[in-house]
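# Breakdown of the fold
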Amino acid sequence: MKEKLLEILNDLHEDIDFETEKDLVARKILDSFDVVTLVNEICDEFDIEITADEMMPENFKDLDSMLSLIQSKVDED
């Protein structure tokens, strides 16, 4: 799961080290367009649905928070 997510993130911004970078939204590394693109890619890749309510900065602040969100959605199914 982590490898697939890193692949998606690196396709979006290959110059960022997503394994060490924190506060991706607050530091404006990911903007709103990036988050929408990311959500679409994640939903397609992991066959999950991320609702508008879940598209909040704390769910996309770093790799671990995104993995937690994905895992929680996978566990729902």
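Here's what I pulled together on the structure shown here.

About the criteria used
- Residues numbered from 1 in each chain as written.
- Predicted model: local features only at pLDDT ≥ 70, side-chain atom pairs only at ≥ 80, totals over all residues.
- Heavy atoms only, no water.
- Axes fitted to C-alpha atoms, helices over the stretch in contact; angles between N-to-C directions.
- Helix = DSSP H or I, 4+ residues; strand = E, 2+ residues; numbered from the N terminus.
- Left-handed = near helix turned anticlockwise from the far one by under 90°.
- Contact = heavy atoms within 4.5 Å.
- Nonpolar A, V, L, I, M, F, W, Y, C, P; charged D, E, K, R; others polar.
- Salt bridge = Lys/Arg side-chain N within 4 Å of Asp/Glu carboxyl O.
- Buried < 20%, exposed > 50% of the residue type's maximum accessible area, 1.4 Å probe, protein only.

## What about the packing of helix α1 (residues 2–12) against helix α2 (residues 32–46)?
Direction vectors running N to C along α1 and α2 enclose 145°, while the axes themselves pass 10 Å from each other. Regarding α1 and α2, the two cross each other, and that crossing is right-handed. Only Asp34, Thr37, Leu38, Glu41, Ile42, Glu45 and Phe46 of α2 make contact with α1, whose side of the interface consists of Lys4, Leu5, Ile8, Leu9 and Leu12. Across the contact of α1 with α2, the residue classes break down as 7 nonpolar, 1 polar and 4 charged.

## Considering the pattern of salt bridges
Pairing is possible between side chains of opposite charge, provided their charged atoms come close. Counting across every chain of the model gives 6 salt bridges. One salt bridge in this structure joins Glu21 and Arg27, with 1.9 Å as the shortest N-O distance. Exposure remark for Glu21: the relative accessible area of 18% places this residue in the buried category.

Any link to function would need more than the numbers given here.
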